[in-house]
Amino acid sequence: MKSNAKLTIIILFTLGILFALALKITINPSVITSNNNVINLDMENLKISATTGKIHIDNNWTDAWSAGICTGNGTYSEPYVIEDLVIDAGGSGSCIFIENSDVYFKIENCTLYGTESGSEWGAGIRLSNVNNSQLIGNNFSSNYCSIYLFYNNYNNTITGNIVNNNGGGIYFADSYYNTISGNTINNNLWWGIYLAWSSNNIISENTACNNFVSGIYSGGIYFDESNHNMISGNTLNNNEWGIYLYDDSNYNIIEGNTLNNNKRNGLVLHSSDNNTVSGNTANNNKCDGLELLNSENNTISGNTANNHSDNGIYLSSSNNNNVSGNTANYNYRGIYLRGSNNNTVSGNTANNNFYGIYLYWSDINTVSGNTVNNNSHGIELHYSDNNTVSGNIANNNNYNGICINGNSITVSGNIMNGCGLRIYGSFDTLSSHNIDTSNLVNGKPLYYYANEINLGPSNFTNTGQVILVNCHGSLISNLNISHTTNGLSLYYCNTNTISGNTANYNYRGILLEYSNNNAISGNTANYNYHGIDLDYSNTNTISGNTANYNDFVGIMLEYSNNNFISENVLIGNQGGCIIELYCEGNVIQDNDCGTLELTLNYFPIILIISIPILGVSVFIIYQNRKRFKKPQQDLEFL
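Trainee: Help me out: how do you make sense of the overall build of the protein in this one?
Mentor: A count of helices and strands for the protein gives five helices and 54 strands. When the 638 residues of the protein are sorted by exposure, 51% land in the buried category. Summed over its atoms, the accessible surface of the protein is roughly 27,200 Å², and 51% of this surface lies on carbon and sulfur atoms.

Below is the structure:
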């Protein structure tokens, strides 16, 4: 009985296997082409990952369903489904080409490879005039283009696909209201995602890394004449560019993307207007974090752009943009405007750069409410006119908190600690500014006067810094103007008396440019870079001042003639007591430059000189000892 039971079980199990195999063998699906030719596919071989033939559907889904290519009925609730195929294009055409379709369908979990370009681009999946598709979880490799939507494609969803090691990743042309999300698009030769003449698409949460070859189209995401798209939450690292918008790509929203370590820039807007770029992270890119070229009316806000050899945020020939609330640290320039006008740069943080914020040939901009600390130069305007610099915090910048060169610049309400304001330029430029005492240097007012005479102590109450332009016959005395850029600066100022002031720990303690017949006496200017500095300034008297331990020089004279310099104490200055460059007729007498002090600063030099001398001396003593040494018996009397 037991033997018969076992035999029955074995027979039933065998019949079950044969029945299952018979079901599979009876299916004989076909590929339907646009001319209704039939190419048979062996589905049994597909089940074990065999390669099948290419598929072309031209609005003939019922034929495809009849041939067993797909399941479903093309409705929203039960779309046609093509799945689990492996297709090798064999170097021509596309693996799957669907056109002129508006039914609902899915292509999922297929492996598609081996396309090349011909008269028309070959793609893993190509759609033309197609609506309502879903491309989900497919794997593309070794294709000229992986997914190609060309002409009039709407409401398609491309999600969860792996698109690696192709020529191009995902390409949209003349396609609208589509969604590209959650795809992995790496190591392609050209672009990760490319949109041309395509609008109102959503591109989100994709990873597109290491897409690079030298050429304008290389990058994570590239737009050409594409408007009103949303690009959010993507990771776009180690490409040539992270995101590149080109040639009238307008009204796009680019937010929350990660754009790091790209070989050129994190993000570029080129001739593209009215875009919003917010909340992106663009760090450690080779050139710039965010770059605008010939682009207007864009909003660049809340982004992070750190650690670039060039610029965190760069605007070139770009007008009427709003750059606000960004962080741009540890770059060469944090924020750089070149030839860019009517922009607002506000509320940004630009610390630990060489230049925090730098404007070059840029006019009528507003730079306000920014924090620029610990840079070499905090905010610098060069050949830039009619700008407003207000309400910024610029602390502990090595050279200048704020530096301006241009006409009619308004500087107000800025806070500078450990640095101050520098101005330079022509006579007309220097005297054209609107700089008021709402600017604070080390918590005290900054005084800027232009075209004044007979200023006195009442004009310099509780002074943080003094800048005079074309001021004559004034008395500047008994001020403490330390820990700033230039403590006391006179430009085109004559017959003034500067006496009894303390100007320590500045870049320059006292500076005169194009200023003649002034008396500088009894001042203290220690621990600056230059203690007292005269440029193009003649017939001044510098007497009885103390300018000690400055990093370079006690008194510097450059292109300055017929000055009288006497009885100053100039000790311990690293570069020299008094230095003249291109000067004539100066009288220098009775100044105390001190003597060489053997401090730790000289210790390495002393060692370098002393060790060879000591070695030679020991050698000579040793040789002489050998020469005059007597036998032991001659020394017994000792």
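Okay, back to it.
Trainee: For this particular structure, what's the right way to read the confidence of the model for the protein?
Mentor: When pLDDT drops low, the exact placement of atoms in the prediction is not to be read closely. Of all residues in the protein, 84% attain a pLDDT of 70 or more, and the chain-wide mean is 88. Every residue in residues 596–610 is under pLDDT 50, and counting partners more than four places away or in other chains gives seven contacts. A low-confidence stretch, residues 616–638 stays under pLDDT 50, and its non-local contacts, those more than four residues away or across chains, total one contact.

Trainee: Before we go on, may I ask you to explain the state of the cysteines in this structure?
Mentor: What we call a disulfide is simply a covalent bond connecting the sulfur atoms of a pair of cysteines. Taken as a whole, this structure holds one disulfide when the rule is applied. Among the cysteines around Cys471, which has no disulfide bond, Cys493 carries the closest sulfur, lying 4.9 Å off.

Trainee: For this particular structure, what's the right way to read the pattern of salt bridges?
Mentor: Two side chains with opposite charge may pair up if their charged atoms get near one another. Tallying each qualifying case throughout the model produces two salt bridges. Residue Arg264 is joined to Glu240 by a salt bridge in which the shortest nitrogen-to-oxygen separation is 2.9 Å. With Arg264 in the loop between strand S22 (253–255) and strand S23 (267–270) and Glu240 in the loop between strand S20 (230–232) and strand S21 (243–246), this residue pair connects regions lying 24 residues apart in the sequence. Overall, the relative accessible area of 1% leaves Glu240 in the buried class. Notably, a salt bridge pairs Asp533 with Arg508, separated by 2.7 Å at the nearest N-O pair. One end of the pair, Asp533, is in strand S49 (residues 530–535); the other, Arg508, is in strand S47 (residues 508–513), and 25 residues separate them in sequence. Note on Asp533: relative accessible area 2%, which makes it buried.

Trainee: What exactly am I supposed to notice about the sheet that holds strand S46 (residues 497–499) here?
Mentor: Pairing between the strands of a sheet comes from backbone hydrogen bonds, and it takes one of two forms, parallel or antiparallel. If you trace the six strands from one edge of the open sheet to the other, you get S44-S46-S48-S50-S52-S54, paired in parallel fashion. With partners counted over all chains shown, the strands left at the sheet margins are strand S44 (475–477) and strand S54 (587–589), one partner each. Neighbour-to-neighbour, the strand axes of this sheet turn through a mean angle of 5°, independent of strand direction. Relative to strand S48 (residues 519–521), S46 runs parallel, the two sharing three bridges. Note that in S48 the partner of Ile498 across the bridge is Ile520.

Trainee: Can you help me understand the side chain of Asn201 in this one?
Mentor: Here Asn201 shows up in the loop between strand S17 (191–196) and strand S18 (202–204). The buried category is assigned to Asn201, whose relative accessible area is 1%. Within polar-contact distance, the side chain of Asn201 engages the backbone nitrogen of Asn178 at 2.9 Å. Polar contacts involving the side chain of Asn201 include one to the main-chain carbonyl oxygen of Ser199, which spans 3.1 Å. When near neighbours in sequence (up to four residues on either side) are disregarded, Asn201 contacts Phe172, Ser175, Tyr176, Tyr177, Asn178, Leu195, His228, Asn229 and Met230.

Trainee: Would you mind going over the sheet that holds strand S11 (residues 139–141) with me for this structure?
Mentor: One open sheet accounts for four strands, arranged S5-S8-S11-S14; its pairing is parallel. Edge positions in the open sheet fall to strand S5 (86–88) and strand S14 (162–163), since each of these has one partner strand only. Here S11 runs beside S14; their pairing, made up of two bridges, is parallel. In the sheet register, Phe140 faces S14, and the bridge partner there is Val163.

Trainee: I'm lost on the packing of aromatic side chains in this one. Help?
Mentor: The geometry of an aromatic ring pair is captured by the separation of the ring centres together with the interplanar angle, meaning the angle of the planes. Applying the stated rule across the entire model yields 38 aromatic pairs. Measuring from ring centre to ring centre gives 5.0 Å for Phe354 and Tyr355, while their planes differ by 80°; the resulting arrangement is edge-to-face. Owing to a relative accessible area of 13%, Tyr355 belongs among the buried residues under this scheme. Each member of the aromatic cluster is reached from another via a ring pair, and the members are Tyr144, Tyr148, Phe150, Tyr171, Trp190, Trp191, Tyr194, Tyr222, Trp241, Tyr244 and Tyr246. Of note, Arg126 hangs over the ring of Phe97, and the distance from its end group to the ring centre comes to 5.0 Å. Above the plane of the ring of Tyr336 lies Arg333, whose end atom (NZ or CZ) is 4.1 Å from the centre.

Trainee: Would you mind showing me how to read the pairing of strand S9 (residues 123–130) here?
Mentor: Residues in a regular strand point their side chains to alternate faces of the sheet. For S9, the buried fraction is high: seven of the eight residues fall into the buried class. Of the strand pairs in this sheet, strand S6 (residues 96–101) and S9 are connected by five bridges, and their pairing is parallel. Counted as the bridge partner of Ile96 is Ile125 from S9. Relative to strand S12 (residues 145–154), S9 runs parallel, the two sharing four bridges. For Ala123, the partnering residue across the bridge sits in S12 and is Cys145.

Trainee: Quick question: what am I supposed to make of the side chain of Asn526 here?
Mentor: Residue placement: Asn526 occurs in the loop between S48 and S49. Not counting residues up to four positions away in its chain, the partners in contact with Asn526 are Ala503, Asn504, Tyr505, Thr546, Ala547, Asn548 and Asn550.

Trainee: Just to check I follow, could you spell out the environment of Asp385 for this structure?
Mentor: Looking at the secondary structure, you find Asp385 in the loop between strand S33 (377–382) and strand S34 (388–390). Setting aside its immediate chain neighbours within four residues, Asp385 contacts Ser362, Asp363, Ile364, Gly406 and Asn407. A polar atom in the side chain of Asp385 sits 2.7 Å from the backbone nitrogen of Asn407.

Trainee: What's the story with the pairing of S21 in this structure? I'm lost.
Mentor: The pairing of strand S19 (residues 219–224) with S21 spans four bridges and is parallel. Considered in S21, the bridge of Tyr222 is made with Tyr244. Sheet topology note: the S21/S23 ladder contains four bridges and is parallel. Directly across from Ile243, in S23, lies its bridge partner Leu267.

Trainee: What am I meant to see in unusual backbone geometry here?
Mentor: Note on backbone geometry: most residues besides glycine have negative phi, and most peptide bonds are trans. Of note in the backbone geometry, Asn200 takes a positive phi value of approximately 60° without being a glycine. As for its position among the elements, Asn200 is in the loop between S17 and S18. In the Ramachandran plot, Ser317 falls in the positive-phi region, its phi being about 50° despite a non-glycine side chain. For Ser317, the location among the structural elements is in the loop between strand S27 (311–316) and strand S28 (322–324). On the basis of relative accessibility, which here comes to 37%, the residue Ser317 falls in the partly exposed class.

Trainee: Is there a simple way to explain the environment of Tyr251 in this structure?
Mentor: For Tyr251, the location among the structural elements is in the loop between S21 and S22. A relative accessible area of 44% places Tyr251 in the partly exposed class. It is 4.9 Å that separates the C-alpha atoms of Tyr251 and Asn274, two residues lying 23 residues apart in sequence. Filtering out sequence-adjacent residues up to four positions away, Tyr251 remains in contact with His228, Asn229, Asp273, Asn274 and Asn275.

Each value, and the rule that gives it
- Residues numbered from 1 in each chain as written.
- Predicted model: local features only at pLDDT ≥ 70, side-chain atom pairs only at ≥ 80, totals over all residues.
- Heavy atoms only, no water.
- Helix = DSSP H or I, 4+ residues; strand = E, 2+ residues; numbered from the N terminus.
- Buried < 20%, exposed > 50% of the residue type's maximum accessible area, 1.4 Å probe, protein only.
- Areas by Shrake-Rupley, 256 points an atom, 1.4 Å probe, with all protein chains shown as cover.
- pLDDT = per-residue confidence, 0-100.
- Contact = heavy atoms within 4.5 Å.
- Disulfide = S-S within 2.5 Å.
- Salt bridge = Lys/Arg side-chain N within 4 Å of Asp/Glu carboxyl O.
- Pairing = 2+ DSSP bridges.
- Axes fitted to C-alpha atoms, helices over the stretch in contact; angles between N-to-C directions.
- Polar contact = N/O pair within 3.5 Å; in protein donor to acceptor, adjacent residues only side chain to side chain.
- Phe/Tyr/Trp six-rings, centres within 6.5 Å; stacked < 30°, edge-to-face > 60°.
- Lys NZ or Arg CZ within 6 Å of the ring centre and 35° of its normal.

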